Amino acid sequence: MAGIVLVGAQWGDEGKGKITDLLADDMDYVVRFQGGNNAGHTIIHGGRTLKLHLIPSGIMYPHITPVIGNGVVIDPKVMLEEMDQLEADGLTTRRLLISCNAHLIMPYHRDLDGASERRLGSNEIGTTRRGIGPAYMDKASRLGIRVQDLTDVHILRKKIEAALVEKNDLLEKVYGLPTYTVEEIVDEYMGYAERIKPHIADTSQLLNRALRSDQWVFFEGAQGTLLDLDHGTYPFVTSSSPTAGGACTGTGVGPKAIDRVLGIAKAYITRVGSGPFPTELDSTPGSIGEHLTMKGGEFGTTTGRQRRCGWYDGVIIRYAVQINGLTDLVITKLDVLSELDTIKVCVAYEYEGKRYNDLPCHQTVFHHARPIYEELPGWKCDIDHCRTFEELPKEARDYIAFLEDLAEVPVSIIAVGPDRDETIMRRWERRP
Ligand code: IMP
């Protein structure tokens, strides 16, 4: 095995940071391939809680080379702050490599993200307002500024000049916001350049070489399948490809280099931001929704927003298996369900008298879909101490078996608590 992809199978926040951290021992490289500092990974390691937004989780391990691939959009200010924080925590960021082709988030991207959300009013997407969407828009319209532009002030100035012709008009005339001068942005970004330059590399070449020589490369997804620009619940999605295909386009390796695709899902489901959510639970005091929110600590790592909670949606997971070609499922936060008398799982939807076993293609059907549930008995006891599947109570094993049958993919790893060792490794062969 050499190329392993980990993707969110739901709407993000499934616990990718913990699983990446857990599998990191075996890896030579941990690579981010899409998104930017809209992601939030909380890693609890050796009694320390680390919150990473942009830098790959592999940074914690001295034997790993952390890589930010070409598909990522980088806010250099945020990245340098994160690096400073890691250094202050005693971790070195010297090994971090950044693709020369990754795009930069510029100050006007952040302004435009906020302004367009405000303009949408009640129709807002609920973005993280970090400038992610506008940065990807510029990438697609060939107005983007790339990491390699930081190495040549003349090119950087020319590109910023070209971008500002449009951005200043937009900021001033459409949104009534202050504009920028070329020099102020050039000065700011050249200030970052000196620190970033030693990390810039041809990461595609490097990763291809590593994969050819059987080194282990871990592609760490951010967000989740249903936030994918193409395959998610458009328009309530992010602007990149958090699905497995994104690991190839976002790093410059071919699909044949991928040996295993892990899809991670909570034992229930959450979503932040707006958009349809068939199994959403009410979160009023005393409700099951509130219980999941509080017990699961369902507040965003990046924005602190309360996450919407719902029952596990098997239709969504089957869809994630299909879109990503999942070989395994990783189920996290099983312990959050421990106090419940019964647990519901959505097995299909119903709309206008018709049953949908698969995710409906039409947005109207998905928006109005009513979940069809199966109700399973709860286990009503702590499972945090369980380290093998056999140690789990029968009801918990049955719950996992039920999810496996629904997804037609094995559940290979189960998390029973936030700590690194609160995990059951069912099917994970350590590197020889
Ligand atoms: P953006 O990525 O900031 O443009 O936001 C677009 C949508 O993706 C919004 O609904 C966000 O709440 C959601 N989103 C972005 N990043 C994450 C994440 O890491 N976890 C969960 N939702 C996210």
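It should be emphasised that the depicted structure is a prediction, and the values quoted were computed from it without experimental measurement.

S.K.: Give a detailed account of the site of the ligand, specifying residues and quantitative values.
M.R.: By nearness alone, 15 residues border the ligand, and Asp13, Asn38, Thr128, Thr238 and Arg305 come closest of all. In the environment of the ligand, an oxygen atom lies 3.2 Å from a nitrogen or oxygen atom belonging to the backbone of Gly126. In the environment of the ligand, an oxygen atom lies 2.6 Å from a nitrogen or oxygen atom belonging to the side chain of Thr238. The protein chains hide 97% of the 470 Å² of surface that the ligand would expose on its own. Of the residues that constitute the shell around the ligand, the class distribution is 6 nonpolar, 7 polar and 2 charged.

S.K.: Pulling in residues and values, what's your account of unusual backbone geometry?
M.R.: Residue Tyr234 is joined to Pro235 through a cis peptide bond whose omega torsion reads 5°. Position of Pro235 among the secondary structure elements: in the loop between β10 (217-220) and α8 (244-249). Although it is not a glycine, Asp13 adopts a positive phi angle of roughly 60°. Among the structural elements, Asp13 can be located in the loop between β1 (3-8) and α1 (16-23). Although it is not a glycine, Lys380 adopts a positive phi angle of roughly 50°.

S.K.: Let's hear about the environment of Ile98: which residues, and what values?
M.R.: For Ile98, the position within the fold is in strand β7 (residues 97-99). Once the C-alpha coordinates of Ile98 and Arg32 are considered, the two residues, 66 residues apart in sequence, prove to be 9.8 Å apart. Not counting the four nearest positions on each side in its chain, Ile98 is found in contact with Ile68, Ile74, Met79, Val147, Ile196, His199, Ile200, Ala201 and Thr203.

S.K.: Can you break down the domain arrangement of the protein chain residue by residue, with the values?
M.R.: Assigned domains of the protein chain: these are domain 1 (3-99 + 200-259), domain 2 (103-196) and domain 3 (265-324 + 332-425). Of note, the centres of domain 1 and domain 3, computed from C-alpha atoms alone, are 24 Å apart. The partner domain 3 presents 35 residues to the 33 residues of domain 1 that form the contact. Between domain 1 and domain 3 lies a buried interface of about 2700 Å² when both sides are counted; carbon and sulfur atoms form 60% of it. Of all residues in domain 1, Gln10, Trp11 and Lys18 give up the largest surface area on contact with domain 3, accounting jointly for 26% of the area buried on that side. Summed over the shared surface of domain 1 and domain 3, the result is 3 salt bridges. A salt bridge links Asp25 to Arg420; the nearest nitrogen and oxygen atoms lie 3.3 Å apart. For the pair domain 1 and domain 3, the number of links is 17 residue pairs in polar contact (both at pLDDT 80 or more). Going through the elements one at a time, α1 and β3 (41-45) are the ones with two or more residues in the side of domain 1 that touches domain 3.

S.K.: Outline the layout of surface pockets, listing residues and values.
M.R.: In this model, the second largest pocket occupies a volume close to 240 Å³. Lining the second largest pocket are 16 residues, with Gly232, Thr233, Leu359, Pro360 and Cys361 positioned closest to its centre. With 3 residues, helix α11 (residues 363-368) is the largest single contributor of residues to the lining of the second largest pocket. Both domains that furnish three or more residues to the lining of the second largest pocket are identified here as domain 1 (3-99 + 200-259) and domain 3 (265-324 + 332-425).

S.K.: Which residues make up the pattern of salt bridges, and what values do they have?
M.R.: Where side chains of opposite charge bring their charged atoms close, a pairing between them can arise. Enumeration according to the criterion identifies 29 salt bridges in this entry. Between Lys16 and Glu14 there is a salt bridge, and its shortest N-O distance comes to 2.7 Å.

S.K.: Outline the packing of aromatic side chains, supporting the account with residue identities and numerical values.
M.R.: Across all of its chains, the model carries 4 aromatic pairs by this definition. Seen from their ring centres, Tyr189 and Tyr192 are 5.2 Å apart, and the 80° between their planes marks the pair as edge-to-face. Of the two residues, Tyr189 and Tyr192 are both situated in helix α6 (residues 182-196); the distance of 3 residues between them amounts to about one turn of the helix. Like Tyr192, Tyr189 is buried. Ring plane angle 65° and centroid distance 5.9 Å describe the contact between Tyr349 and Phe366, whose orientation is recorded as edge-to-face. In this pair, Tyr349 sits in strand β16 (residues 342-351) while Phe366 sits in helix α11, placing the two residues 17 residues apart along the sequence. Across the ring face of Phe389, the terminal group of Arg426 is positioned such that the distance to the ring centre comes to 3.7 Å.

S.K.: Can you break down the side chain of Thr225 residue by residue, with the values?
M.R.: Among the secondary structure elements, Thr225 is positioned in the loop between β10 and α8. Using a relative accessible area of 0% as the deciding quantity, one classes Thr225 as buried. At 2.7 Å, the side chain of Thr225 and the backbone oxygen of Gly8 are in polar contact. Every residue in contact with Thr225, bar those within four places of it in the chain, is listed here: Gly8, Ala9, Gln10, His231, Gly232, Thr243, Tyr319, Ala320, Ile323 and Asn324.

S.K.: So what about the sheet that holds strand β9 (residues 200-201)? Which residues, and what values?
M.R.: If you trace the 10 strands from one edge of the open sheet to the other, you get β9-β7-β5-β2-β10-β1-β11-β15-β19-β20, paired in mixed fashion. Edge positions in the sheet fall to β9 and β20 (423-425), since each of these pairs with one other strand and no more. Alignment of strand β5 (residues 65-68) against β7, held across 2 bridges, turns out to be parallel. What sits directly across from Val67, in β7, is Leu97.

S.K.: Go over the nonpolar core, please, and point to the residues and values.
M.R.: Here is a general trend for soluble globular proteins: nonpolar side chains tend to be buried in one another's company. Ranked by internal contacts, the top residues of the largest apolar core, which has 61 residues, are Phe219, Tyr312, Leu334, Leu337, Leu392, Tyr399 and Ile414. If you tally residues by element for this core, the top one is helix α12 (residues 394-407), at 6 residues. Among the domains, domain 1 (3-99 + 200-259) and domain 3 (265-324 + 332-425) are the pair contributing at least three residues each to this core. The residues contacting Phe219, other than those within four sequence positions of it, are Gly3, Ile4, Val5, Leu6, Val31, Phe33, Leu211, Ala247, Thr251, Val253 and Ile258. Core analysis: the second largest hydrophobic core is formed by 55 residues, Ile4, Leu6, Tyr180 and Val330 among them.

What counts, and where the lines are drawn
Residue positions within a chain follow its written sequence, with the count starting from 1. pLDDT decides what is reported in this predicted model: residues at 70 or higher carry local features, side-chain atom pairs at 80 or more are listed and counted, and totals for whole chains, interfaces and linings draw on all residues regardless. Just so you know, side-chain values use all the structure's heavy atoms and leave hydrogens and water out. The cutoff for a nearby residue is simple: one of its non-hydrogen atoms must lie within 4 Å of the molecule or strand. Whenever a nitrogen or oxygen atom comes within 3.5 Å of another N or O atom, the pair is scored as a polar contact, on the condition that within protein one atom can donate a hydrogen and the other can accept it, and that pairs from neighbouring residues in sequence are kept only if both atoms are in side chains. Residue-level accessible areas treat just the shown protein chains as cover; the underlying method is Shrake-Rupley with a 1.4 Å probe. Residue polarity is assigned by list, with Asp, Glu, Lys and Arg as charged and Ala, Val, Leu, Ile, Met, Phe, Trp, Tyr, Cys and Pro as nonpolar; anything else, Gly included, falls into the polar class. In this description a helix means any DSSP run of H or I spanning at least four residues, a strand means any run of E spanning at least two, and both kinds are numbered starting from the N terminus. Should any heavy atoms of two residues lie within 4.5 Å, those residues are counted as being in contact. These domain limits were set by an automatic method or by a database of domain assignments. Summed over both partners, the accessible area lost on bringing two parts together, with a 1.4 Å probe, is the buried area. Here, a salt bridge means any side-chain nitrogen of Lys or Arg that lies within 4 Å of a carboxyl oxygen of Asp or Glu. Put plainly, a pocket is an open set of points on a 1 Å grid over the protein atoms alone with protein on both sides within 12 Å along at least five of seven lines, a cavity is a set where a 1.4 Å probe fits but cannot get out, and a lining residue has an atom within 4 Å of a point. Grid points are joined across faces, edges and corners, and a volume is the space filled by probe spheres set on the points. Only rings of Phe, Tyr and Trp enter the pairing, Trp through its six-membered ring, and a pair is recorded when the two centres are within 6.5 Å. The plane angle decides the type: under 30 degrees is stacked, over 60 is edge-to-face, the rest tilted. For every residue, the accessible area (1.4 Å probe, protein chains only) is compared with the maximum for its type, and the residue is labelled buried under 20%, exposed over 50%, or partly exposed between those bounds. Counted as over-ring charges are cases with an Arg CZ or a Lys NZ within 6 Å of the ring centre that also lie within 35 degrees of the ring normal. Being paired, for any two strands, means DSSP has found at least two bridges between them. Nonpolar cores are built from buried Ala, Val, Leu, Ile, Met, Phe, Trp, Tyr and Cys residues. Side-chain atoms within 4.5 Å join them into one set.

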